[in-house]
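Residue-level structure breakdown
Read off the chains here:
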Amino acid sequence: MKSRVLSFVEDLRRGAADQYKYVEKALEEAAKKDPKFNIFITLKGEIPENLALSGKLAGVPVAIKDNIVTKDLRTTCASKILENFVPKYSATVVKIIEKEGAVIIGKTNMDEFAMGALGTTSAFGPTLNPLDVKLSPGGSSSGSAAAVSSGIVDIALGSDTGGSVRLPAAWTGVFGLKPTYGAVSRFGLISYADSMDQIGPIASTASDLAYLYSIISSFDPLDPTSSGNPWGNKIERIAREEPDYDILRSIKLKVPKELVEHPQADDSIVKEFSRALSKLESEGAEISEISEPSLLKVPQVYYIIAFSEASSNLARFDGVRYGSRVIMPEEVDWDTYYMENRALFGWEVKRRIMLGAFILSKGYYEMYYSMALKARGMIKSKVEQMLSGGGIILTPGSPIPPLPIDYDATDLSRLNAVDAPLMLANLTGLPAITIPVGKRGSIPISIQLIGSPWSEDILLSIAKVTEEIFG
Amino acid sequence: MPTENIELNEELVDKLSWLSRIKLSEEEKIKLLAEIKIILSYIDEILTLEAGSEEITHLAQGRVREDIKLNSTETGMELLHQSIIEDGYVKAPKVYKG
């Protein structure tokens, strides 16, 4: 499908479009749909004056996840502790898209501090799935995915630490990309687990996804883990050009059977996944099954590392320099002040910080944290073997349908089937994409591809072809 | 499994609350204790993995900026809201008890 964003920008450049029209429509849609689905934490009410006429995103409305800082626009991380926090600077990705003329229409709802898979841990209430309000839209970038799925915007930014772009994209029927670690600047992204956090695009078409990605992937001296863009303008060309079917004949898709034949996987989703594989095969893709039982332990490794990093990263929220204050500093000593303020965190955040403190404490560091880092090394080298010789890992985007919005996620083991394929890309720093391939009633079906480092050009090319095949 | 050998009790919860500097209500303490048991029994599953010896803490080599002064803020105070600043200092609670 042609990129709606590109079409608008080209029309605008030729003088065939009104620069206010796209944003106006987005705000009208947001006013109608936000009350239904609770998509935004902060929604801009008015169209800014003097919108740009040129720039790669001139006049294009964009929704931004509320853990990406925006100068003079409230950024809450969906937490009471940052309820009134208005940053004095913008994240690099925000600066880049604004320089290209994009208009940020609002900050989207999310799981608090990006901790959650269902979009339900927000202090501002859960986001509902636009495809069916009884279902979770997936998290943690729940609002960004819902903003795209409901048709408010065509492109949005989310962040992905353990599947947080790809799961909500899969559960709301849109496209989501988790870039190679280092491809997109994290400067201005409020950290959860920084060795795995990545900002990623969500879009209504593969072309829009590629186009936004071509703009935000670049080297940033403000992020020491930033590596830059090795593709030149190739990704933008992919966005602009027709799908290249030859890409399917040049790759080897490998399906880890443990992630498909998972005891928690839903039979009807697995059937749809198999049907999608047959269709790809008939178009020339080479698909083979592989086996690696250790992949089922990916979520456990992920949680140990994520909890540990979270307990360190979130130590900065003390209510002294920024954030809400429940008592005044004159009234109490430092420890009491710190503890009282941090009681503002929601339950999911509290328990992850405290479990991280436990894992890193004397006696348990070696047993859990050190062991998880070694397991990460082992999994990374096994995945590198799978990807050697042009291999790409193929899994369901989600092997289960979206869960009910009131699902109790206390027991993380119950989400193992969903977490394992997604978290694999975060643990290893690899790029991964979720691509919609149809629906069963209101239930969206998707596939996920995980590629070698810096293979986003291949993943996005496959996404374009897949979109046309299943369109 | 190792979780069986860990004393999961109120004392541990109090210690974690203190280490994390997060005040918990009595109700939350009971809830945390129950949930720690569930989560630890899950993450314990990695202890049987043959994990090798290479620890991976980061995924990017990283680049360090030139050690030269750029147009950054002088003290970082410019990034803070004026409401918490008094006479050029951030107003914070006392760090000693007494």
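Residues numbered from 1 in each chain as written. Chains lettered and ligands numbered in written order. Predicted model: local features only at pLDDT ≥ 70, side-chain atom pairs only at ≥ 80, totals over all residues. Heavy atoms only, no water.

Our next topic: the overall build of chain B. Helix and strand counts for chain B come out as three helices and two strands. Taken from the N to the C terminus, the helices and strands of chain B come in the order α-α-α-β-β. Scored against the burial criterion, the 98 residues of chain B give a buried share of 33%. Of the contacts formed within chain B by residues at least 6 apart in sequence, a portion of 41% connects residues at least 24 apart. (Helix = DSSP H or I, 4+ residues; strand = E, 2+ residues; numbered from the N terminus. Buried < 20%, exposed > 50% of the residue type's maximum accessible area, 1.4 Å probe, protein only. Contact = heavy atoms within 4.5 Å.)

With that settled, the discussion passes to the sheet that holds strand E2 (residues 61-65) of chain A. Sheets are built from strands paired through backbone hydrogen bonds, the pairs being either parallel or antiparallel. Residue and element names in this part refer to chain A. Strand order in the open sheet made by the 11 strands is E1-E3-E2-E4-E6-E5-E10-E11-E9-E7-E8, with mixed pairing throughout. At either margin of the open sheet sits one strand with a lone partner, and together these are strand E1 (40-43) and strand E8 (286-290). Looking at each pair of strands side by side, their axes are set apart by 25° on average, direction ignored. Here E2 pairs with strand E3 (residues 103-108) via five bridges, running parallel. From the neighbouring strand, Pro-61 faces E3, where its bridge partner is Val-103. (Pairing = 2+ DSSP bridges. Axes fitted to C-alpha atoms, helices over the stretch in contact; angles between N-to-C directions.)

For the rest of this paragraph, the subject is the side chain of Ser308(A). All names here are of chain A. Structurally, the position occupied by Ser-308 is in helix H11 (residues 298-313). In this structure Ser-308 comes out as buried when scored by relative accessible area, which is 3%. Every residue in contact with Ser-308, bar those within four places of it in the chain, is listed here: Gly-356, Ile-359, Leu-360 and Tyr-369.

Most often, soluble globular proteins keep nonpolar side chains buried together rather than apart. Residue and element names in this part refer to chain A. Judged by nonpolar contacts, the single largest core of 150 residues is most densely connected at Leu-57, Ile-97 and Phe-113. For this core, the element with the highest residue contribution is helix H14 (residues 365-387), accounting for 11 residues. With residues up to four places along the chain from it excluded, the contact list for Phe-113 reads Cys-77, Ser-79, Ile-81, Leu-82, Ile-190, Tyr-192, Leu-314, Phe-317, Phe-345 and Val-349. One finds Phe-37, Val-148, Ala-169 and Ile-202 within the second-largest nonpolar core, a separate group that totals 22 residues. (Core = buried A, V, L, I, M, F, W, Y, C linked by side-chain atoms within 4.5 Å.)

This paragraph deals with the packing of H11(A) against helix H13 (residues 347-359) of chain A. Residues and elements named next belong to chain A. Relative to each other, H11 and H13 sit at 100°, their axes nearing to 7 Å. By the angle class used here, H11 and H13 are roughly perpendicular. Counting all contacts with H11, which are made through Tyr-303, Ile-304, Phe-307, Ser-308, Ala-310 and Ser-311, the residues of H13 involved are Arg-352, Ile-353, Leu-355, Gly-356, Ala-357 and Ile-359. Along the lines of polarity and charge, the residues of the contact of H11 with H13 split into eight nonpolar, three polar and one charged. (Parallel < 35°, antiparallel > 145°, perpendicular 65-115°, else oblique. Nonpolar A, V, L, I, M, F, W, Y, C, P; charged D, E, K, R; others polar.)

Attention shifts here to the confidence of the model for chain B. Within chain B, residue pLDDT values average 84, and 89% of them lie at 70 or more. Scoring the predicted complex yields pTM 0.96 and, for the interface, ipTM 0.90. (pLDDT = per-residue confidence, 0-100.)

Another point: helix H2 (residues 10-20) of chain B. Owing to its 3.6 residues per turn, the α-helix brings residues three or four apart onto one side. Where H2(B) is concerned, the buried positions are Leu12(B), Val13(B), Leu16(B), Ser17(B) and Ser20(B). Take H2(B) and look down its axis: the buried residues cluster within an arc of 140°, on one side only. If you follow the buried residues of H2(B), they end up packed against helix H12 (334-342) and H13 of chain A together with helix H3 (26-43) of chain B. Remark: Arg21(B) follows H2(B) within two positions and exhibits a positive phi of approximately 55°. (Arc of directions from axis to C-beta.)

A separate point is the packing of H11(A) against H14(A). Residue and element names in this part refer to chain A. Two elements in contact, H11 and H14, have axes separated by 9 Å at closest approach and are oriented at 130°. Classified by the interaxial angle, the pair formed by H11 and H14 is oblique. When the axes of H11 and H14 are compared, the crossing they make is left-handed. Residues Val-298, Val-301, Ile-304, Ile-305 and Ser-308 of H11 form the contact with H14, whose participating residues are Tyr-368, Tyr-369, Ala-372, Leu-373, Ala-375, Arg-376 and Ile-379. Its residues assigned to classes, the contact of H11 with H14 shows 10 nonpolar, one polar and one charged. (Left-handed = near helix turned anticlockwise from the far one by under 90°.)

All names here are of chain A. Ser-140 follows Gly-139 through a cis peptide bond whose omega is 10°. Note that Ser-140 resides in the loop between E3 and helix H4 (142-149). At Asn-50, a position not held by glycine, the phi torsion is positive, near 55°. One non-glycine residue with positive phi stands out, namely Phe-113, at about 50°. Here Phe-113 is to be found in the loop between E3 and H4.

The next thing to look at is the interface of chain A and chain B. Where the parts come together, the accessible area they lose is often given as the size of the interface. Residue-level contacts link 69 residues of chain A with 54 residues of chain B. Taken together, both faces of the contact between chain A and chain B bury some 5800 Å²; the carbon and sulfur share is 70%. The three residues of chain A that bury the most area against chain B are Met339(A), Trp347(A) and Met354(A), which together make up 13% of that side's buried surface. There are six salt bridges connecting chain A and chain B. Across the pair Lys23(B) and Glu340(A) runs a salt bridge whose closest N-O atoms are separated by 3.1 Å. (Buried area = accessible area lost by both parts, 1.4 Å probe. Salt bridge = Lys/Arg side-chain N within 4 Å of Asp/Glu carboxyl O.)

Tracing the sequence through the fold places Asp335(A) in helix H12. Note on Asp335(A): relative accessible area 17%, which makes it buried. A distance of 3.2 Å separates the side chain of Asp335(A) from the side chain of Arg21(B), its partner in a polar contact. If sequence neighbours within four positions are ignored, Asp335(A) has contacts with Trp18(B), Arg21(B) and Lys97(B). (Polar contact = N/O pair within 3.5 Å; in protein donor to acceptor, adjacent residues only side chain to side chain.)

All names here are of chain A. Across the two faces of strand E5 (residues 175-178) the burial is the same, with Phe-175 and Leu-177 and Gly-176 and Lys-178 all buried. Strand direction decides the pairing type here: E5 and strand E6 (residues 199-203), joined by two bridges, are antiparallel. Following the sheet pairing, Gly-176 is matched in E6 by Ile-202. Here E5 runs beside strand E10 (residues 432-440); their pairing, made up of three bridges, is antiparallel.

Along its 16 residues, H11(A) runs 22 Å from first to last C-alpha, staying within 8% of the 22 Å computed at 1.5 Å per residue. In terms of burial, H11(A) is a largely internal element, 15 of the 16 residues being buried. (Expected span 1.5 Å × (residues − 1).)

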